[in-house]
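Residues per chain, in single letters:
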Amino acid sequence: MHHHKIVFTGPVGAGKTTAIRTLCGANALGTDAAASDMTRTRKETTTVALDYGTLHLNSGETIHVYGTPGQERFDFMWEILTQGGIGLVLLLDATRPAPLNDLRFFVNVFTAYVERTALAVGITRSDLAQSPLSLDDYAGALRSLDLVAPIFEVDARERRDISLLVQALLLQLDPGLAA
Amino acid sequence: MNPGLCIKLAAVEVDARTLAALTLLSQRSGRFSLTDINQADAVLLDGDRPESIGLYERQRCSHPGQPILLLSSHESCLRGVVSLLKPLQIEALFAALNAVRDHLPRHAAPGKDTAAGKEAVHGETAERHERAGAARALADQFAPEDLCGSSADIDPHDAGALAALRFDPEHFLLGRLIHARHHTAQQHCGARIELPSNLLLLDIGGTRCLTTLSARQLRGLALMPLDDGLGWQAIDALQLKAAADTLGTTLHAWSIELLIWQIALWTARGRLPLGIAPDALVGLRRWPNLTHGSLPPEALRIAALLSHQPHTPFAAARRLGIPQRYVFAFVGACAALDLLTLTHTDAAPAAAPEQHPARGLLSKLLGMLRRNSKH
């Protein structure tokens, strides 16, 4: 049976765990543990294996939603997670020192996946950043990587925001989709 | 007030003993829960720590609408904080949490502008306004007819109908805003836009607009052709401050991109602005920030199509099987934000987008997300 999945990725603290919980509600589980490294400066717990949630369609089909652990030492899992995926949602934390470097890093890591599927970018915590970059800055960085993708400012706790981001991802795959 | 609401409180830089007491209290009372600073409804800071002023300033700047409780050995004179004296008394904490609860946006009076409500509660100036929440509040405030009008589709070859479809942004607030935004960004100055009995101010660099007007009042202004005598002028920082002072303390701060998006939708109501020829191929340079502000019907589908391949507005409507006014509204708002690429139709006609092999499944998922995001 084909395994339909959407992958959320991004740096530590960008909101992947929260976004998956927001999107999947009770059908989400995480593997948080107390942070013991530099991550601790940004949040108390961090994802050490992966986040997982499901979206159940009325037709009985299931969409699996995975979140990658943000820390690079877990990057061996990233490639495995993307196998057979529908698309990639990249969450970027606007308060980190160099969000554009984060964008380039994650797009480069997932280049092959993005090329065969689609990408949507959510910028989190832009209301907390001292001097937030504009969406034009992010779009410019994507263009320099030969990509055009939806880029929205999102609050990972807001269902509407995360839902719109995933809807945009699906429509990137097929602009002719109608609900 | 909803006494059952559990407030999410972030305790920042408090000592271990206070933190332990707060943890115990949160578990036993159920009135609040401790969380990290990014999830919190309110923040509790230790005001006796050397870094507390810096923390306060940073929090105020980064999250202006968030209530701050300041725990200190003396009464605080900082603006907009709820002062709590050490040692922390349970009754005082609960009283402060009650005050916070009443001030949370989800407890604003129905129909009351969230932004205005927060301003009144916190006494903040526009510079300290939480714009993200206000931007989201706009999403459900306006009906599709407010954003797209109700005109029927027209024949693109009917010159009379085409003429009736067009409007000139220069005759409206929209045109003033677009010009003022470009000028302030290029010259790194502010701007003052004169309105009948009021004014709008653009801050230095033109990233934000300050106004005393509510969203509904702005919509009224957006629809009204303006007198040519009412223009705009560039101003410096001192003039900006003086003008802001004359407006008083109940200013709303809008991100300029959000304001132009809204004004463009309200002004056009499903018409096409001059500057976009009906037979021009319209592409999308970048997606608009569709999580903020009003979302016109089918905006995601239109954005996806135009970012995939340029279409004329009429062809896009035909391709997606949607009313033309939806496309005109979206395209007009994107044009106001300079998000479009325009070419002429002597280029090759747009090919139909490729169907995804799992179109059925994706359509069902899209439908589910749309339904769920409305709840």
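Treat the numbers as computed from the prediction; the structure is a model and nothing was measured. (Residues numbered from 1 in each chain as written. Chains lettered and ligands numbered in written order. Predicted model: local features only at pLDDT ≥ 70, side-chain atom pairs only at ≥ 80, totals over all residues. Heavy atoms only, no water.)

Quick word on the side chain of S163 of chain A
Piece 1. For S163 of chain A, the location among the structural elements is in helix α6 (residues 159-173).
Piece 2. Every residue in contact with S163 of chain A, bar those within four places of it in the chain, is listed here: L23 of chain A together with L369 and S373 of chain B. (Helix = DSSP H or I, 4+ residues; strand = E, 2+ residues; numbered from the N terminus. Contact = heavy atoms within 4.5 Å.)

A closer look at the confidence of the model for chain A
Piece 1. When pLDDT is averaged along chain A, the result is 86, and 83% of the positions lie at 70 or above.
Piece 2. The secondary-structure element of chain A with the lowest mean pLDDT is strand β3 (residues 32-34) of chain A, recorded at 57, while strand β8 (residues 119-124) of chain A shows the highest, at 97. (pLDDT = per-residue confidence, 0-100.)

Description of the pairing of strand β5 (residues 51-56) of chain A
Residue and element names in this part refer to chain A.
Piece 1. Note: strand β2 (residues 28-29) against β5, 2 bridges, orientation antiparallel. Its bridge partner lying in β5, A28 is registered against G53.
Piece 2. Bridge count between β5 and strand β6 (residues 62-67): 6 bridges; the pairing is antiparallel. In the strand pairing of β6, T54 is matched with H64.
Piece 3. Here β5 folds back onto β6 in antiparallel fashion, the turn holding 5 residues, of which G60 has a positive phi close to 100°. (Pairing = 2+ DSSP bridges.)

Remarks on the sheet that holds strand β11 (residues 252-255) of chain B
Strand pairing in a sheet relies on backbone hydrogen bonds, with the paired strands running either antiparallel or parallel.
All names here are of chain B.
Piece 1. Taken together, the 5 strands give an open sheet; going across it, the order is β10-β7-β8-β9-β11, and neighbouring strands pair in antiparallel fashion. Either end of the sheet is taken by a strand with one partner, and the two such strands are β10 (232-235) and β11. When the angles between neighbouring strand axes are averaged without regard to direction, this sheet yields 25°.
Piece 2. Each of β8 (198-202), β9 (208-211) and β11 is contacted by helix α11 (residues 256-268), which is oriented at about 85° to β11, the strand it contacts most. (Axes fitted to C-alpha atoms, helices over the stretch in contact; angles between N-to-C directions.)

Overview of the nonpolar core
Piece 1. Of all hydrophobic cores here, the largest spans 104 residues; its most connected members are F8 of chain A together with L177 and F330 of chain B.
Piece 2. Residues within four places of F8 of chain A in sequence aside, it is in contact with K16, A19, I20, L23, V65, Y66, G67, T68, V89, L91, I162 and V166 of chain A.
Piece 3. Residues L119, L135, Y138 and A139 of chain A belong to the second largest nonpolar core, which totals 25 residues. (Core = buried A, V, L, I, M, F, W, Y, C linked by side-chain atoms within 4.5 Å. Buried < 20%, exposed > 50% of the residue type's maximum accessible area, 1.4 Å probe, protein only.)

A look at the interface of chain A and chain B
Piece 1. Listed by partner, the interface residues are 48 residues for chain A and 46 residues for chain B.
Piece 2. At the boundary of chain A with chain B, the tally comes to 4 salt bridges.
Piece 3. With its nearest N and O atoms 2.7 Å apart, the salt bridge here joins E61 of chain A to K364 of chain B.
Piece 4. At the junction of chain A with chain B, the criterion picks out 12 residue pairs in polar contact (both at pLDDT 80 or more).
Piece 5. Secondary-structure elements contributing two or more residues to the side of chain A that touches chain B are β1 (4-9), α1 (16-24), β5, α5 (135-144), β9 (151-154) and α6 of chain A.
Piece 6. Top contributing element to the side of chain A that touches chain B by residue count: α6 of chain A, with 12 residues.
Piece 7. Residues that form the side of chain A that touches chain B fall into these classes: 25 nonpolar, 10 polar and 13 charged. (Salt bridge = Lys/Arg side-chain N within 4 Å of Asp/Glu carboxyl O. Polar contact = N/O pair within 3.5 Å; in protein donor to acceptor, adjacent residues only side chain to side chain. Nonpolar A, V, L, I, M, F, W, Y, C, P; charged D, E, K, R; others polar.)

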